[in-house]
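# Breakdown of the fold
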Amino acid sequence: MQKFTKTIISAIFLIAQFAYASAQNTQPGKYNQLSKSSYAKQKDSLKKVLVCPVLFKKKETQKKYKEFWESRTDFITAAIDDNDFTREPAIYDYVSGILNELVAANGTYIKNYPLLFIDRSSSVNAYAMGNNMVAVNMGLLSFAEYREEIALALAHELAHNILGHPENSMKERAELLTSDEYINDVKSVLDSKYGRYSKLKKIMEGYSFSHNRHNRYHEEEADSVATILLKNSNIAFAPAFFLRLDSADLVYKTPLKSSVRSYMTDLSIGVEDAWMRKGSKGLSNKNYSFSQGEISDSAKTHPDCKIRYERMLPYASGKTLTPMKASLRADVNKSIIWSLFVNSNLTAAFYRLLLEKDRGNFDAWHKTMAAYIMNGLFYADKRLSRFNVINIKSKEYISASYYELQTMFEQFPRERLETSCKECFNQAYWQQASADERSFKSLLAYLNFTEEQKSSEIKSMRKEFEESYGQSLYREFIEQIK
Amino acid sequence: MTRSFFLTLAAVCITMFTQAQSRVFKQVSEEISSDMDAITQDGAVVGYVVLTKLEKIQEDSFNYKLSLMDENLNDIGSISMKDINMNLMSVAFEQDVLCLSYYKSTISGASFKNKRQYKEAKEDAVNAIMNQFLSLDGKIINTHTFSIVSKATSARGGFYGSTGKVFAFAGLKNGGRVRNIPGKGFCFLYGDDEKSELFSYNTHGDLLWKKDLPRHYSYEMVPSSEVIYLLCANEAYRPMDLNRFSVLDGAKAPVYVLQDKEENKFEVLNFEMNETTGKPYIAGSIVKKGDKYSYNSSRGVFKGYYKGVYSLTLDGMKKGDIKENITYWSGGELKPEISTRGRIIENDGVPNFKTATQDSMGNTYFAGTLLQRKLRTGTVIASVVTLPLLVVPAWLLAGSGTHKFRLTDGVVVKQGNKGSLTKVQTLEKPGTAYVSAKTPMSVFEGLNEYFTIYDPATKSDVIVYSTEKNYGIYSISKNKITRTIPTKVAKSTLRVFGAKEGHIMVVENNTKEKYTKMSIEAI
């Protein structure tokens, strides 16, 4: 009998675990996969390993070089502490798999396995930090259509490290800023009676121009080395990716397939069309044209895309490209949506939800997320931060749908928002939600709808959540509640 | 993170560079100054403009950058200009054109090595106004510049002029202000040492007409599409004059003096366009005739300094186009809860109104704080006890009076479009400390802040009022307090200002962590 009971309990436990695990699978990662936990060891060793080399005889130059060097270390360690990176297995393993191929085939260039970071930023980018460290943004993983595109970005960043560009950049800057010529140039500004600002600006621009020109030259070099790394690894090289990168900043210009109102109706959030039309006077909806309505090339995240494409076209290899797994991209997008939510960028988070719906990637998690975002908006409104979390963008950088959404968020009447938030939390889909999702919902409901809140109550709810669901990603939001 | 990473590196560069060359940066930045102003249309904020004086490029010439932002503080664009020393005075917007008004002076704000140099500069001084018309593609479509008369004054630097340096000042008697004329163009007025003038422009910046104005202490201007209404203030105890000019040709209508038939003065609490009717209105309190006190004391207010409230709806040039709605406490149109001396019976206090607003039906709402009085029992008993001494009770009573006064709750009173008067809401506020009878009401100014904001969602105004612990937002259409905002959150102090329609600007200042945050929030 006792054995039977034990078996039953074990079975229930296993079923519960399985149920929890399957629910968890729909969430974008876990708390302990965020960098503060998952890169804790690397963070400790970074400070020991990253020792500034003595390169300059001139004391001032060495001092400045050391300051640059240390600020880089501080920046990386702070980013780790701020959970700017993640180590979600599915995503990390996918990227590190590509990195493995590149490293294994290029032993002559890459002696040690690089330290890889998956940056949670939605910006379509990757970057090299020197000292064999590279990072790939979630935004790039969401943007890429083929495995080979990520390989190209990684190879390009590895090439920067191989060529020593990050380190050289710090060296050059230290030398420049301590050079007699530069100091005298700046000091000479004081000798002139008129036009001091223009003269100083010119000197600074001269420096920036030389720096930018240098950077562009570095990009060319890195592109060339990247093709070698890819060839050695037998990975196809598709220069068309450079052309696609030209539109990397346009994600919020992507129009929705249906009206914003229809998406809201599907989510059982009652809205009125009038809220999506600007009710107040203002220059924002006037036809101004100081800029031409397009992002200038120099302001883009990736300038010179067309030139780079044309230059690299002869090196294209005609192998078949491997499409990214749809499930992986959906995970990446979930992660971006969560990250935007937790960083109080609610319009962008909600818009990406709707874009996911257009792509057919809309599961129970997305519905719960829509409810969290709406409640986040109400929470911000109560804390006098609705404007900040909407993060209003100028109309030239967004689609008409995005404009409608941000206008609606801005004009959603407070009482109606409260009612909608409550209704969101009473929807049937919460029955399928995992325990941690329901618990997070309860905490948000307490913050939003309890008239007289006690800090002790919030503390105890926080503690209870952390004890019960220590690995839940929602802890990240809960930790921010003061 | 990439951008921020490189930005951080750049910031480090600049910081270090700044440290190394701090003197250069300090001196260059000291030459840079900025004027910021809200861009308005029909009284609503539609954007912001910043004029930055970057540097001196010749003896009398500077480089400027004019930056425009929309109502959400997002950048729209900027233009560069070269000109003599100038300040931005006022900006308005109409039909995709901005009209910016500048005061230009070669002498105002300048410093001179000695008096001789100052005298020379004074003789050659240029003082002018420039009205600039800017399209939304950043092109200056027209400019109207004209000389003004402004006598420079000076002050000598150091202790009793020990440095020998001379600082010059010049300016306008009435600062220039520009307003849009709905659907037509712009009007502009100013007053220099010799005259005051009113100009009318179309949206191309062409001057349509110009009028000399009678000299007054100050002016307020609200244009409708047909008439420019100009409220001219005299000395504090004299009633204001309302001048009206036809938008078409500047023809002037007879002056309307803001007083009733018994010459009781109309004190102005609000003069603005009614957004829903498109007609301007003036509303305020009626002050007892002959009261020449420059301030209204607590006792004065309680004893009938104010005789009632009024509103004037402005609808044209003819005499009958000013529709008066006057309600006296003693007029008999009052609900029983307001006494014939203006005391709100339920709250036991006399209102000291600070703002007023009109709805689409022509009803006017007045908001202010109630003044309460209390018998000084101790003083009265002491006076009675010391009565045989004659001098002592007289001294006691003359010193502090028989009553003491304080401000308590706020109140909203509705004046119906036919003159009825009803108290519609009490705005809970903590009572102040008691003050003596002669204390001027101005001592309560900081605790008695009220202003209105138009809410396009309800097509009516809300009244924002402050207490020691929070700001309250009262909705006229809903007749309830829709929001309260604490003035202190943790270590931060919050202040609330008007912003774009339907919004307030919340400025959070944290002195401990040394930051100031700004947010534009829905009302």
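Along each chain, numbering runs from 1 in the same order as the chain's sequence is written. Working convention: letters from A go to chains and numbers from 1 go to ligands, in the order in which they are written. Thresholds applied to this predicted model are a pLDDT of at least 70 for local features of residues and 80 or more for the giving and counting of side-chain atom pairs; totals over whole chains, interfaces and linings are not thresholded and use all residues. Processing note: side-chain calculations cover all non-hydrogen atoms of the structure and skip hydrogens and water entirely.

## Looking at the interface of chain B and chain A
Of the residues lining the interface, 68 residues belong to chain B; the matching set on chain A comes to 59 residues. Across the chain B/chain A interface, buried area totals approximately 5500 Å², and carbon plus sulfur atoms make up 62% of it. By definition, a salt bridge exists where a carboxyl oxygen of Asp or Glu is found within 4 Å of a side-chain nitrogen of Lys or Arg. Across the chain B-chain A interface, the total number found is 9 salt bridges. The salt bridge partner of E275(B) is K281(A), with a shortest N-O separation of 3.3 Å. Pairs of N or O atoms within 3.5 Å make up the polar contacts considered here, provided that, within protein, one atom can donate a hydrogen while the other can accept it, and that residues adjacent in sequence are counted only when both atoms are side-chain atoms. Where chain B touches chain A, the interface holds 22 residue pairs in polar contact (both at pLDDT 80 or more). Considering each element in turn, the side of chain B that touches chain A owes the most residues, 11 residues, to helix α1 (residues 2–20) of chain B. Looking at the side of chain B that touches chain A, its residues break down into 32 nonpolar, 18 polar and 18 charged. In what follows, residue pairs with any heavy atoms lying within 4.5 Å of each other are defined as contacts. Using a 1.4 Å probe, buried area is obtained as the accessible area two parts lose upon being combined, added over both of them. The way it works is that DSSP assigns letters per residue, a run of H or I at least four long becomes a helix, a run of E at least two long becomes a strand, and they are numbered from the N terminus. Each residue gets one label: Ala, Val, Leu, Ile, Met, Phe, Trp, Tyr, Cys and Pro are nonpolar, Asp, Glu, Lys and Arg are charged, and the others, such as Gly, are polar.

## Remarks on the sheet that holds strand β7 (residues 111–112) of chain B
Hydrogen bonds along the backbone pair up the strands of a sheet, which may run parallel or antiparallel. Residue and element names in this part refer to chain B. By definition, two strands form a pair when at least two bridges between them are found by DSSP. Spatially, β7-β11-β10 is the arrangement adopted by the 3 strands of the open sheet, whose pairing is antiparallel. The strands lining the two open edges of the sheet, one partner per strand, are β7 and β10 (153–156). Here β10 pairs with strand β11 (residues 166–169) via 4 bridges, running antiparallel. Within β11, the residue paired with R156 across the bridge is V166.

## Here's the deal with helix α7 (residues 147–162) of chain A
An α-helix turns once per 3.6 residues; consequently, residues spaced three or four apart project the same way. All names here are of chain A. Multiplying 1.5 Å by the helix residue count minus one yields the expected span of that helix. In this model α7 runs 22 Å from its N-terminal to its C-terminal C-alpha over 16 residues, within 8% of the 22 Å that 1.5 Å per residue would give. Burial analysis of α7 places 15 of its 16 residues in the buried class, which makes it a mostly covered element. The first or second residue beyond α7 is G164, which carries a positive phi of 70°. Summary of the burial criterion: residues with accessible area below 20% of their type's maximum are buried, those above 50% are exposed, and those between are partly exposed, where the area comes from a 1.4 Å probe applied to protein chains only.

## Overview of the confidence of the model for chain B
Residue and element names in this part refer to chain B. Of all residues in chain B, 90% have pLDDT values of 70 or greater, and the mean over the chain is 86. As a per-residue quantity, pLDDT reports the predictor's confidence and falls between 0 and 100. Within chain B, strand β13 (residues 185–191) carries the highest mean pLDDT (97), whereas α1 carries the lowest (38). In this model residues 1–20 is a low-confidence stretch, pLDDT under 50, and it forms 36 contacts with partners more than four residues away in sequence or in other chains. Two summary scores accompany this predicted model of the complex, namely pTM at 0.85 and ipTM at 0.84.

## Here's the deal with the packing of aromatic side chains
Residue and element names in this part refer to chain A. Working definition: rings of Phe, Tyr and Trp (its six-membered ring) pair if their centres are within 6.5 Å, and the pair is stacked with planes under 30 degrees apart, edge-to-face with planes over 60 apart, and tilted otherwise. Inspection of every chain in the model, using the stated rule, returns 41 aromatic pairs over all chains. An angle of 45° between the planes, with centres 4.6 Å apart, marks the rings of W275 and F412 as tilted. Taken as a pair, W275 in the loop between α12 (260–266) and α13 (305–312) and F412 in the loop between α18 (400–411) and α19 (414–424) lie far apart in primary sequence, 137 residues in all. Pairwise contacts between aromatic rings join W338, F341, Y372, Y379, F425, Y429, W430, F440, Y474 and F477 into one cluster. Should the NZ of a Lys or the CZ of an Arg lie within 6 Å of a ring centre and within 35 degrees of the ring normal, that charge is described as sitting over the ring. A cation over a ring is seen here: R87 above Y92, with NZ or CZ 4.4 Å from the ring centre.

## Remarks on the sheet that holds strand β36 (residues 515–522) of chain B
Residue and element names in this part refer to chain B. The strand order across the open sheet formed by 4 strands is β33-β34-β35-β36, and the pairing between neighbours is antiparallel. Two strands in the sheet have a free side with no partner beyond their single neighbour: β33 (488–489) and β36. Across 2 bridges, β33 lies against strand β34 (residues 492–498) in antiparallel orientation. Paired with V489 across the bridge in β34 is S492.

## Some words on the packing of helix α5 (residues 89–105) of chain A against helix α14 (residues 326–342) of chain A
Residue and element names in this part refer to chain A. Contact geometry of α5 with α14 gives a least axis separation of 10 Å together with a crossing angle of 120°. Classified by the angle between their axes, α5 and α14 sit oblique to one another. Crossing angle aside, the handedness with which α5 passes α14 is left-handed. Packed against α5, whose contacting residues are A90, I91 and Y94, the element α14 presents L328, D331 and V332 at the interface. Residues of the contact of α5 with α14, tallied by class, amount to 5 nonpolar, no polar and 1 charged. Orientation is described by lines fitted to C-alpha atoms, with helices fitted over the stretch in contact, and by angles between N-to-C directions that extend from 0 to 180 degrees. Here roughly perpendicular refers to angles of 65 to 115 degrees, roughly parallel to angles under 35, roughly antiparallel to angles over 145, and oblique to all remaining angles. Crossing handedness: left-handed means the near helix sits turned counterclockwise from the far one by under a right angle, and right-handed means the same turn made clockwise.

## Points about the pattern of salt bridges
For side chains of opposite charge, pairing can occur when their charged atoms come near one another. Enumeration according to the criterion identifies 48 salt bridges over all chains in this entry. For E145(A), the salt bridge identified is with R244(A), shortest N-O distance 3.5 Å. With E145(A) in the loop between α6 (138–143) and α7 and R244(A) in helix α11 (residues 240–245), the pair connects residues that are 99 residues apart, well separated along the chain. Two residues, R116(B) and E120(B), come together in a salt bridge whose shortest N-O distance is 3.0 Å. Within this pair, R116(B) and its partner E120(B) are both found in helix α3 (residues 115–123), separated by 4 residues, close to a single helical turn. Taking the relative accessible area as the measure of exposure, E120(B) reaches 40% and is therefore partly exposed. Members of the salt-bridge network, linked through shared partners, are E219(A), E220(A), D223(A), R308(A) and R311(A).

## Remarks on the side chain of Q406(A)
All names here are of chain A. Mapping Q406 onto the fold places it in helix α18. Taking relative accessible area as the criterion, Q406 reaches 3% and is therefore assigned buried. Setting aside residues up to four positions removed in sequence, Q406 forms contacts with T347, I390, N391, I392, K393 and I398.

## Observations concerning the environment of T145(B)
All names here are of chain B. Turning to its location among the elements, T145 is positioned in strand β9 (residues 140–147). Owing to a relative accessible area of 40%, T145 belongs among the partly exposed residues under this scheme. Separated by 20 residues in sequence, T145 and K165 place their C-alpha atoms 31 Å apart.

## Observations regarding the pairing of β9(B)
Residue and element names in this part refer to chain B. One ladder, built from 7 bridges, connects strand β8 (residues 127–135) with β9; its direction is antiparallel. Residue pairing in the sheet places Q132 in a bridge with T143 of β9. Where β8 folds back on β9, the antiparallel hairpin that results is connected by 4 residues, among which G138 adopts a positive phi of roughly 85°.

## Some details on the state of the cysteines
All names here are of chain B. By definition, disulfides here are pairs of cysteine sulfur atoms that lie within 2.5 Å. A full pass over the atoms with the stated rule returns 0 disulfides over all chains. Just so you know, C232 is unpaired, no disulfide at all, and the nearest cysteine sulfur is the one on C187, 13 Å from it. According to the relative accessible area criterion, C232 is buried, its value standing at 0%.

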